[in-house]
Amino acid sequence: MTWSAPIQEIIDEFQDIDEQFERLQVLMDFSDEVEVLPVEEWTEVNLVKGCQSIAHIEVEIADGTVWMKAAADAKIVQGLQGILSIAVNGSTPEQVLSLTPEFAEEAGILNSLTPSRSNGFRTMFDIVQNNVRRTIE
Amino acid sequence: MKQDFPILSRKVNGKTLVYLDNAATTQKPNCVIDSMSQFYSLSNANVHRAVHTLAGEATEGYEACRKLLKLRYNASRAVITSGTTEAINLVARSWGEFNLQSGDVVVLTEMEHHSDIVPWQMLAERKAIELRYVPVIDGKLDMDAFDVALDGAKLVCVVHTSNVLGIRNPVEDIISSAKNVGARVLLDAAQAVPHEMIDFRELGADFMAFSAHKMCGPTGIGALLVSDDAFDEMEPFMGGGDMIETVTLQGSTYQSNEHKFEAGTPRIAEGVGWAAALEWISQIDLESHHKRLLAIASDVKNELVARGMTVYSSLGPQDAAVISFNHPTIHPEDFARLLDAQGIAVRTGHHCAQPLMEKLGVSGTIRASFYLYNDVSDAEALITGIDKVLEAMS
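The rules behind these values
- Residues take numbers from 1 onward in each chain, read along the sequence in its written order.
- Here the convention is simple: chains get letters from A, ligands get numbers from 1, in the order in which they are written.
- Only residues with pLDDT of at least 70 are given local features in this predicted model, and only at 80 or more are side-chain atom pairs given and counted; all residues enter the totals for whole chains, interfaces and linings.
- Heavy atoms from the whole structure form the basis of all side-chain values; hydrogens and water molecules are not counted.
- At least two bridges found by DSSP between two strands is the condition for calling them paired.
- Only runs of H or I of at least four residues qualify as helices and only runs of E of at least two qualify as strands under DSSP, and these elements are numbered from the N terminus.
- Helix axes use the C-alpha atoms of the stretch in contact, all axes being lines fitted to C-alpha atoms, and the angles between their N-to-C directions lie in the range 0 to 180 degrees.
- Each helix should span, by expectation, one fewer than its residue count multiplied by 1.5 Å.
- Partly exposed describes any residue whose relative accessible area lies between the buried limit of under 20% and the exposed limit of over 50%, with all areas from a 1.4 Å probe on protein chains only and scaled to the type maximum.
- This arc is taken over the directions from the axis of the helix to the C-beta atoms.
- Note on definitions: a residue-residue contact is assigned when non-hydrogen atoms from the two residues lie within 4.5 Å.
- What makes a patch is a set of residues exposed beyond 30% relative accessible area and free of salt bridges, joined within 9 Å when like-charged and within 5 Å when nonpolar (Val, Leu, Ile, Met, Phe, Trp, Tyr).
- Method for areas: the Shrake-Rupley scheme with a 1.4 Å probe, in which residue coverage is limited to the protein chains shown.
- Salt bridge criterion: a side-chain nitrogen from Lys or Arg within 4 Å of a carboxyl oxygen from Asp or Glu.
- Only four residue types enter the charge count, namely Lys and Arg as positive and Asp and Glu as negative; His and the chain termini do not.
- Lysine's charge is taken at NZ, arginine's at CZ, aspartate's at CG and glutamate's at CD.

Asks: Can you help me understand the sheet that holds strand 9 (residues 153-159) of chain B in this one?
Replies: Across a sheet, strands are paired by hydrogen bonds formed along the backbone, either parallel or antiparallel in direction. All names here are of chain B. Reading across the sheet, the seven strands line up as 4-12-11-10-9-5-6 and stay open at both edges, with mixed pairing between neighbours. The outermost strands of the open sheet, each flanked by one partner alone, are strand 4 (77-81) and strand 6 (130-134). This sheet shows a mean twist of 20 degrees between the axes of neighbouring strands, independent of strand direction. Bridge analysis of strand 5 (residues 105-109) against strand 9 gives three bridges, and the strand direction is parallel. Note on strand 9: the bridge partner recorded for Val106 is Leu155.

Asks: Just to check I follow, could you spell out helix 1 (residues 30-43) of chain B for this structure?
Replies: All names here are of chain B. Over its 14 residues, helix 1 runs 19 Å from end to end, which matches the ideal 20 Å to within 8%, given 1.5 Å per residue. Buried within helix 1 are the following residues: Val32, Ser35, Met36, Phe39 and Ser43. The arc enclosing the buried residues of helix 1, seen along the axis, measures out at 95 degrees, which places them on a common side. With respect to the buried face of helix 1, the exposed residues turned more than 90 degrees away are Ser41 and Leu42. Where the residues of helix 1 are buried, they touch helix 2 (53-73) and helix 9 (268-282).

Asks: I tried to follow a negative patch on the surface on my own but got confused; where do I start?
Replies: Residues and elements named next belong to chain A. A contiguous patch of negative charge, built from Glu9, Asp12, Glu13, Asp16, Asp18, Glu19, Glu22, Asp29, Asp32 and Glu33, is present on the exposed surface. Contributions of two or more residues to the negative patch are made by helix 1 (5-15) and helix 2 (20-29). Locating Glu13 in the fold gives a position in helix 1. What makes Glu13 partly exposed here is its relative accessible area of 40%.

If you want it as structure tokens, here you go:
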């Protein structure tokens, strides 16, 4: 599958890693890529419902492009949000809706993270797509 | 002992598994795995019905589990359930529904697992009973508040040993006080039976719920021990095959023994597996293992405190070897995933005890829980793993 350049870069970066510990360290580095949703903007509506960590995602469409702000108290979860941000920010709504979460699988992120009850990458990916869908409909 | 547990030799993320999530579930020795495989290979049939040989073997295998339970815990009634949760729900449905009236008081504690809170909240909605929660102060039950809460109580439900803190509650005192006011007592013993021998009759509780999988038995099966008096007050809530004596189109009569609470085909292979686990554990000196594991856990606790962690478990001489802890800045989920990357399995989250988490002022903890097959090498691996996490996150 062909991915956009920023997504392909993420895949390449992760594919070079053998050790799971190092993979998680790199994943946590991506937490800096998130445009942080300030605590005062954390609401029940933008809460990612889950058992383990607190995570919020807010999606906006301005001038025809998608932009997400997010935050999580667990660094690994915010790292996932960082990767998601790179994948969607600046894209058109149509591009975001045509995106599939398989790029994270290709990067080895999905397989390497045992799913907790929620807060997984797929859950947050679905939230972003659903928000975009609702906004443009 | 580790060689009896095949899973303990597997690799996780390239490292030999260090399994410290025993309060969630324990691993299974070969004898349990083999017994279930052998049952399905040689004796699989339904129980209590047909006259053929396989049915006889299956019935014998399944009922052996009940016999062993009664023998080990000195109980005259052992209802087989799907686990602790179903056992507690059975008390709520089969005893609570028929013996509690509007305004009656049920005493719970803030330390309970959700499985010993939610069924009572559901019953309270149906029957307008009053629920009183005994507070937790400094990780222990407030026994003065317990005495006050007892006033007019019909039922006391208390966790014997906390799944979060490992603390063993003073159940003897609790039962004695409850009996003085004529209340029935339900013990959630899910975390207790793996660590200590309990004489149910001598202890004097009316109900005791626990699961096989926390004591090296299979998942999906547990038991409710019931005193004779309480048993006579219970009515079946689930109807179906196996629990009846006769069925006519006009009505049905029920079995008089435990079967009346076990409608439908039971967990036969699991019963066979649990029987094997009960026989296996009967060869183990739980008391000496308890002391050994508690000493290991105490050493780990000291190491954690030395590294600036907050440890919530007091690890008193009777407590289970369960350590709940947090780092001041590293999120429990990050911590646990970074330990998992090193092959170390610990639990994180609220441990199905959100009210207790609220009391501790945290949303979750990291929990390392030790069991029979754990040894000093596991504790050392945990500390080494923690140091690697601390270094990576500094």
